[in-house]
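What follows is each chain in one-letter form.
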Amino acid sequence: MSDDPSVAIVRPTPESDAELAFEGALRPKSLAEFVGQAKVRAQLQLLLEAARIQNRTPDHILLAGPPGLGKTTLAMIVAQESGRPLRMSSGPAIQHAGDLAAVLSSLVPGEILFIDEIHRMARSAEEMLYLAMEDFRIDIMVGKGAGATSIPLDLAPFTLVGATTRSGMLPNPLRDRFGFTAHLEFYSEPELEQVLSRAALLLDLPIDRAALAEIAGRCRGTPRIANRLLRRVRDYALVHGDEAGLGAVQAALELYDVDQLGLDRLDRAVMEIILTRFDGGPVGLNTLAVSVGEEAETIESVVEPFLVRIGLITRTPRGRVATRLAWRHFGLSQSNGALFGDDL
Ligand SMILES: Nc1ncnc2c1ncn2[C@@H]1O[C@H](COP(=O)(O)OP(=O)(O)OP(=O)(O)O)[C@@H](O)[C@H]1O
């Protein structure tokens, strides 16, 4: 992956530890503060309220959706709103059933256990989780081979909040044990303006409506990217002694190569290959990856989903094909092989 910072700026995963700290400061702390996802908020509210009335732990919750849409934030809010302690873990940290047993057996009654990227947990741990979620019990294997015995261990009642960017990778028995699955959607531009206006207030950054709208249109429907772009605009205004107005947004985002649709250099390089070198496609994934000097995995999981979502390409069995909108957006017509932009 390129280490050019302008290439990473519109990626939906966290850039660095500094960004995680920055995000922490901007995280909404209650359902009322959480912008957008109105349906999911109402569903969660009902679920938490019902558990409160019956004085029991809330049902297990699965939060599914692309990175940066607020899954971790919602898990924290569930703990906050239900007045319960929160334990945080992640799929990659649970590589053996023993790792999970250690976490589960140390939970206090009513604790919320958040497992991020739950689809990356070890298979043996998944099987242990089935019983834990259903009966608040696990079986611990002691010894090996013919002499091995299993010792049942009762657990404190808990609520599991799992987050996944790949819900299709979860085995059905695990998915079925969640009482509620929330599917997070990309945010609309007015919602992103609200996210940004709240963040600007917390950062003590005076910014006008036109500037907010401009950032909202370029952040790929994702609050994490919105906040990141806002940070760059803040830097720009600070360094140039400027107001954070429309001019500062346009100049800062031009500097970081984020165009009006939120495309960055890698996205544009992919589009250029399809449009000008392959006359609109179809182009196979590996050819595309080699042509832009990136890994096929990055193209498939990071670049393509957004290009497909905004209608610039379609995936066909023979490869990726540019749409009419793509030809129009880049001001090209088929077979003209025109130049794409002077930075490519
Ligand atoms: N609905 C929202 N309202 C306001 N801010 C939000 C909202 N959703 C996310 N954010 C902001 O975006 C940042 C990223 O959100 P979060 O870490 O919850 O995403 P995520 O879906 O858990 O991402 P990942 O899949 O990478 O773990 C947070 O710091 C938060 O400030």
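These numbers come from a predicted model, not from an experiment. (Residues numbered from 1 in each chain as written. Predicted model: local features only at pLDDT ≥ 70, side-chain atom pairs only at ≥ 80, totals over all residues. Heavy atoms only, no water.)

What follows covers the pairing of strand β6 (residues 159-164). Counting buried positions over the 6 residues of β6 gives 6, a clear majority of the element. Here β6 shows no split at all, with Thr159, Val161 and Ala163 on one side and Leu160, Gly162 and Thr164 on the other all buried. Two strands pair when backbone bridges link them, and strand β3 (residues 112-116) and β6 are joined in this way by 4 bridges, in the parallel orientation. Looking at the pairing, isoleucine 115 lines up with glycine 162 of β6. (Buried < 20%, exposed > 50% of the residue type's maximum accessible area, 1.4 Å probe, protein only. Helix = DSSP H or I, 4+ residues; strand = E, 2+ residues; numbered from the N terminus. Pairing = 2+ DSSP bridges.)

The next subject is helix α2 (residues 17-26). Every buried residue belonging to α2 is among Glu19, Phe22, Glu23 and Leu26, and all of these are buried. One face of α2 carries all of its buried residues, which in axial projection span an arc of 100°. Relative to its buried face, α2 has exposed residues pointing more than 90 degrees away, namely Asp17, Ala21 and Ala25. For α2, the elements touching its buried residues are α8 (189-202) and α10 (223-240). (Arc of directions from axis to C-beta. Contact = heavy atoms within 4.5 Å.)

Another aspect to go through is the sheet that holds β3. Taken together, the 5 strands give an open sheet; going across it, the order is β2-β3-β6-β1-β7, and neighbouring strands pair in parallel fashion. Strands with a single pairing partner mark the edges of an open sheet, and in this sheet they are β2 (86-90) and β7 (180-183). Averaged over all pairs of adjacent strands, the angle between strand axes in this sheet comes to 15°, irrespective of strand direction. Running over the sheet, helix α4 (residues 71-82) touches β1 (61-64), β2, β3 and β6 and is turned about 180° from β3. (Axes fitted to C-alpha atoms, helices over the stretch in contact; angles between N-to-C directions.)

A word on the site of the ligand. Residues in close proximity to the ligand total 19 residues, the closest being Val35, Lys71, Thr72, Thr73 and Arg224. Separating a nitrogen atom of the ligand from a backbone N or O atom of valine 35 is a distance of 2.8 Å. The side chain of threonine 73 places a nitrogen or oxygen atom 2.6 Å from an oxygen atom of the ligand. Residue assignment for the shell around the ligand shows that the elements contributing at least two residues are α2, α4 and α10. Per-class residue counts for the shell around the ligand are 9 nonpolar, 5 polar and 5 charged. Here the shell around the ligand spans two domains, and each of domain 1 (37-183) and domain 2 (189-255) adds at least three residues to it. (Near = heavy atom within 4 Å. Polar contact = N/O pair within 3.5 Å; in protein donor to acceptor, adjacent residues only side chain to side chain. Nonpolar A, V, L, I, M, F, W, Y, C, P; charged D, E, K, R; others polar. Domains from an automatic or database assignment.)

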